[in-house]
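Structural features, examined
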Amino acid sequence: MATDLPLVLPGETIDATLIPSSQKHPLRLGPGLRHIPPSDIVPTAAGQLITNPVKNSMWIEYNSNRYTPSQGDIILAQILRSTGDFYLCTLSPHTAPATLPHLAFESATKKTRPVLQPGQLVASTGKADGLGPIGVSPGSPGGCVFDVSLGFARRLLMARSREEGGVGVLEMLGGEEGGGLAFETAVGRNGRVWVGSESARTVVVVGRALQETDRGGLGMEGQRRLVKKLVRDMR
Amino acid sequence: MPREAEPSLNEKQFVTQALQENLRLDGREFDQYRPIELNFGDQHGVADVTLGKTRVLAKATAEVTVPYTDRPLDGIFTIATELSPMTSPSFEVNRPTETEVLLSRLLEKTVRRSGALDTESLCLVAGEKCWSVRVDVHVLAHDGNLMDAACLAVVAALRHFRKPDTSMAGGVLTVYTPAEREPVPLSWLHSPFCVTWSFFGEDEGEMAVLDATWLEEQVRVGSCTVSLNKHGEICQIAKLGGTPVDAVALLQCTSVALTKVKEFSDLVDRRLAEDLKRRDKGGFMAELRAENDR
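Just so we're clear, the structure is a prediction, and the values are computed from it rather than from any experiment.

Secondary structure assignment for chain A yields 5 helices and 14 strands. Overall, chain A is about 55 × 50 × 35 Å in size when its C-alpha atoms are taken along their principal axes. Evaluated residue by residue, chain A yields a buried proportion of 43% over its 235 residues. Across chain A, the fraction of contacts at a sequence separation of at least 24, relative to all contacts at a separation of at least 6, is 58%. About 12,700 Å² of surface is accessible on chain A, with carbon and sulfur atoms providing 53% of the total. Across chain A, the centroid of the 25 positively charged side chains sits 5 Å from that of the 21 negatively charged ones.

This paragraph deals with the domain arrangement of chain A. Looking at the assigned domains, one finds that chain A contains domain 1 (7-61), domain 2 (75-134) and domain 3 (143-234). Its C-alpha centre places domain 1 of chain A at a distance of 31 Å from the equivalent point of domain 3 of chain A.

Below, the discussion takes up the interface of chain A and chain B. Between chain A and chain B, the residue contacts involve 23 residues of the former and 23 residues of the latter. Among the residues of chain A in contact with chain B, His-94, Ala-200 and Val-204 of chain A are the three that bury the most area, contributing 32% of the side total. There are 1 salt bridge connecting chain A and chain B. Linking chain A with chain B are 3 residue pairs in polar contact (both at pLDDT 80 or more). Of all the secondary-structure elements, those providing two or more residues to the side of chain A that touches chain B are strand S12 (144-147), strand S14 (192-196) and helix H4 (200-216) of chain A. Considering every element that reaches the side of chain A that touches chain B, the biggest residue donor is H4 of chain A, with 6 residues. Each residue belonging to the side of chain A that touches chain B can be placed in one class, and the counts come to 11 nonpolar, 8 polar and 4 charged.

It is worth spelling out the packing of aromatic side chains at this point. The full count for this structure, using the stated rule, is 3 aromatic pairs over all chains. Look at Tyr-87 of chain A and Phe-105 of chain A: their rings are 6.4 Å apart centre to centre, the planes differ by 85°, and that puts the pair in the edge-to-face class. Placement of Tyr-87 of chain A in strand S8 (residues 86-90) and of Phe-105 of chain A in the loop between strand S9 (98-101) and strand S10 (121-124) is noted, with a sequence separation of 18 residues between them. Here Tyr-87 of chain A matches Phe-105 of chain A in class, with each residue buried. Look at Tyr-33 of chain B and Phe-264 of chain B: their rings are 5.2 Å apart centre to centre, the planes differ by 85°, and that puts the pair in the edge-to-face class.

What follows covers the pattern of salt bridges. According to the stated counting rule, one finds 23 salt bridges over all chains in the structure shown. Linking Glu-11 of chain B and Arg-192 of chain A is a salt bridge whose minimum nitrogen-to-oxygen distance equals 3.4 Å. Separated into two different chains, Glu-11 of chain B in helix H1 (residues 9-20) and Arg-192 of chain A in strand S14 make up a pair that spans both. Grouping residues by exposure puts Glu-11 of chain B and Arg-192 of chain A together as buried. Close ionic contact of Arg-71 of chain B with Asp-74 of chain B constitutes a salt bridge, the shortest N to O distance being 2.4 Å. A residue is classified by how much of its surface remains accessible, and Arg-71 of chain B, at 48% relative accessible area, is partly exposed. Linked through salt bridges whose partners overlap, the residues forming this network are Asp-26, Arg-28, Arg-34, Asp-143 and Asp-211 of chain B.

With that settled, consider helix H1 (residues 150-157) of chain A. All names here are of chain A. Summarising burial for H1: 6 of the 8 residues are buried, a large majority. Restricting attention to buried positions, one finds in H1 the residues Leu-150, Gly-151, Phe-152, Ala-153, Arg-155 and Leu-156. At its buried positions, H1 is contacted by helix H2 (161-165), helix H3 (169-174), strand S13 (184-188), S14 and H4.

This paragraph deals with the UniProt feature "domain: Exosome complex exonuclease Rrp40 N-terminal" (unreviewed entry) in chain A. UniProt's entry tags residues 27-66 of chain A with the feature "domain: Exosome complex exonuclease Rrp40 N-terminal" (unreviewed entry), counted in the numbering of this structure. Measuring from the first to the last C-alpha atom of residues 27-66 of chain A gives 27 Å, for a span that is 0% helix and 52% strand.

Another point: the UniProt feature "domain: Exoribonuclease phosphorolytic" (unreviewed entry) in chain B. According to UniProt, the positions carrying the feature "domain: Exoribonuclease phosphorolytic" (unreviewed entry) are residues 32-164 and 191-258 of chain B. In this annotation, residues 32-164 of chain B is assigned 23% helix and 36% strand; the end-to-end C-alpha distance for the span is 40 Å.

Time to look at the sheet that holds strand S11 (residues 132-133) of chain A. All names here are of chain A. Strands sit in the order S9-S8-S7-S10-S11 across an open sheet of 5 strands; the sheet is antiparallel. Two strands lie at the open edges of the sheet, namely S9 and S11, each paired on one side alone. Of the pairings in the sheet, the one linking S8 to S9 comprises 4 bridges and is antiparallel in character. Bridge assignment links Leu-88 to a residue of S9, and that residue is Thr-99.

In this section: the confidence of the model for chain B. Residue and element names in this part refer to chain B. On average, residues of chain B carry a pLDDT of 90, and 97% of them reach 70 or more. Highest mean pLDDT in chain B belongs to strand S2 (residues 46-51) (96); lowest belongs to helix H6 (residues 283-287) (70). With pTM at 0.87, the complex prediction returns an ipTM value of 0.83.

Once that is clear, we can look at the pairing of strand S9 (residues 172-175) of chain B. Residue and element names in this part refer to chain B. Taken together, the 4 bridges between strand S8 (residues 166-169) and S9 define a ladder with antiparallel strand orientation. When the sheet's bridge partners are listed, Ala-169 is paired in S9 with Val-172. In this structure, the hairpin formed by S8 and S9 is closed by a connection of 2 residues, where Gly-170 is found at a positive phi of approximately 60°.

Turning next to the packing of helix H3 (residues 146-160) of chain B against helix H5 (residues 247-279) of chain B. Residues and elements named next belong to chain B. The interhelical angle for the contact between H3 and H5, taken along N-to-C directions, is 35°, at an axis separation of 11 Å. The two elements H3 and H5 meet at a crossing, and its hand is right-handed. Here Leu-152, Ala-156, Arg-159 and His-160 of H3 lie close against H5, whose contacting residues are Phe-264, Leu-267, Val-268, Asp-269, Leu-272, Asp-275 and Arg-279. Residue composition of the contact of H3 with H5, grouped by class: 6 nonpolar, 1 polar and 4 charged.

How each quantity is defined
- For every chain, the first residue of the written sequence is number 1, and numbering continues from 1 onward in sequence order.
- Each chain takes a letter, starting from A, and each ligand takes a number, starting from 1, following the order in which they are written.
- Per-residue local features are limited, in this predicted model, to residues with pLDDT of at least 70; the limit for side-chain atom pairs, both in listing and counting, is 80 or more; totals at the level of whole chains, interfaces and linings are taken over all residues.
- Excluded from the side-chain calculation are hydrogens and water; included are all heavy atoms of the structure.
- Going along the chain from the N terminus, every DSSP run of H or I of four or more residues is numbered as a helix, and every run of E of two or more is numbered as a strand.
- A simple rule labels every residue: compare its accessible area, found with a 1.4 Å probe on the protein chains alone, to the largest value its type can have, and call it buried under 20%, exposed over 50%, or partly exposed in between.
- The contact criterion used throughout is that any non-hydrogen atoms of two residues lie within 4.5 Å.
- Each accessible area is a Shrake-Rupley estimate made with a 1.4 Å probe; only the visible protein chains count as cover when residues are assessed.
- His is not counted, nor are the chain ends; Lys and Arg add positive charge and Asp and Glu add negative charge.
- Charge positions are represented by NZ for Lys, CZ for Arg, CG for Asp and CD for Glu.
- As used throughout, domain bounds are those supplied by an automatic or database domain assignment.
- In this description, buried area is defined as the sum, over both parts, of the accessible area (probe of 1.4 Å) that is lost when the two are combined.
- We define a salt bridge as a contact between a side-chain nitrogen of Lys or Arg and a carboxyl oxygen of Asp or Glu at a distance within 4 Å.
- Contacts described as polar in this section are N or O atom pairs within 3.5 Å, which, within protein, must combine one atom able to donate a hydrogen with one able to accept it, while residues neighboring in sequence count only if both atoms come from side chains.
- As a working rule, the residues Ala, Val, Leu, Ile, Met, Phe, Trp, Tyr, Cys and Pro are called nonpolar, Asp, Glu, Lys and Arg charged, and the rest polar, with Gly in that last group.
- In summary, the pairing rule links any two rings of Phe, Tyr or Trp, Trp by its six-membered ring, whose centres are within 6.5 Å, and it sorts them by plane angle into stacked for under 30 degrees, edge-to-face for over 60 and tilted for everything else.
- UniProt positions are given in the numbering used here, feature names are shortened, and annotations may be inferred rather than shown by experiment.
- A pair of strands is considered paired only if DSSP assigns at least 2 bridges between the two.
- A score between 0 and 100, pLDDT records how confident the predictor is in each residue.
- Every axis in this analysis is a line fitted to C-alpha atoms, fitted for helices over the stretch in contact. Angles between the N-to-C directions lie between 0 and 180 degrees.
- Helix crossings are classified by the rotation of the near helix relative to the far one: an anticlockwise turn of less than a right angle makes the crossing left-handed, while a clockwise turn makes it right-handed.

Below you can see the structure in the form of structure tokens.
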């Protein structure tokens with residue numbers, strides 16, 4: 001993660017020069033910021049203040065324990081049970097279930113809707129359009145889900161996760177350090193990462209690499225060493 | 001009461017599938033424990049055991065009470081187990097779950113019924129006064145294998161505990177404060193430890209795994225807890241439900257359990273010795289120096 005970004009604490013006043021001021025779009029506030037009328041912007045969480053001058057938006061990047069759902073997030077939900085029109089899914093343990101309509105799946109009609117069993121995983125943005133059940137079709141590898149922290153999941157989901165997020169384990173495992181392991185992943189913003197591969201050994205190695213990078217807060221060099229060690233132990 | 005989150009179908013399938021390929025999700029061997037940490041508190045009788053992400057705290061206390069009328073020559077020894085909502089939101093106060101009942105029963109059988117603590121030594125005046133020793137077990141974090149961690153914590157706490165010294169002179173019982181007389185350790189006879197095996201697979205005890213994590217515990221088809229001391233004397237074997245396990249496999253489990261128990265025993269001995277060294281600053285000579293406070 002870039003370290004030159006300003007750190008803010010809850011209730012602090014934000015330096016006016018940091019607030020983007022584009023005339024094209026209205027200013028948009030993301031997680032961790034609150035607008036107090038008429039013109040105060042107050043952080044409600046401790047973390048890094050991130051601004052995007054092009055989209056005229058700002059938010060705070062921080063690592064919390066509980067997932068707060070928000071619109072448009074890609075998440076890995078677990079089917080709890082089915083009701084008449086929708087599935088009830090859990091996003092995180094010990095929280096109220098979320099609903100996922102049967103007709104939200106791509107080209108689903110009343111007759112062709114997918115039948116999902118309790119316990120199955122679904123990648124979804126609230127509408128399962130273009131996404132859907134994970135690792136359940138007979139030929140495909142079942143894979144496994146690993147829990148990571150929310151901040152780490154967000155870093156993995158960044159468009160340039162290696163440069164901006166500072167996460168290179170996945171690339172390393174698939175690249176020359178990892179000897180070109182073949183696997184696929186699906187990251188949910190609710191802190192769950194699904195890893196699928198033909199070989200169970202690869203799934204375990206990828207899952208451990210992700211969890212240990214997250215727990216240890218490893219930098220690039222640490223990640224490279226971890227990947228080399230895990231791949232060496234695997235053989 | 002929020003229900004405990006079930007693992008997804010993918011996880012359930014994968015754990016068993018990986019075990020069939022001799023793999024565990026955290027890269028351990030089948031008979032390998034997670035790193036065990038044992039720490040003692042500032043007070044005597046407080047032991048904190050960390051087993052991976054599982055954490056259990058045990059605290060031993062003693063007070064003078066009246067013995068039970070049917071056992072006038074014995075002291076009182078109780079183990080109180082509590083799984084609070086801090087462990088997991090699915091545990092509720094004053095409503096014991098199955099896990100909690102099994103945990104306290106197994107601790108009772110392992111430590112109390114095996115005669116690890118000599119309760120007769122707790123008697124002060126026959127039929128009138130005795131020590132009541134109580135161990136409170138608090139589970140601070142639950143990531144599987146509570147049994148082994150809790151048993152280790154209870155044994156370590158009791159061996160670390162010191163009760164106030166007493167004397168009887170002319171029918172008068174005196175309980176000394178720590179300043180008057182050094183508190184004395186309990187009369188401890190042997191140290192039993194629990195080793196829990198989890199079984200996976202269709203066949204009878206096809207795959208046996210030590211120190212299962214919470215995910216593995218949710219997927220397993222059976223489990224067996226063996227309690228024994230380092231001399232190989234078995235205190236109890238609990239195989240509560242689950243799929244049947246081959247007798248030969250069970251015998252093999254107990255022999256591996258013995259090597260693990262020896263390791264636990266060494267760990268407790270070593271940590272107790274380290275703790276004694278830490279408390280004993282300068283030794284006996286430093287205590288006798290003239291410049292000390294009177």
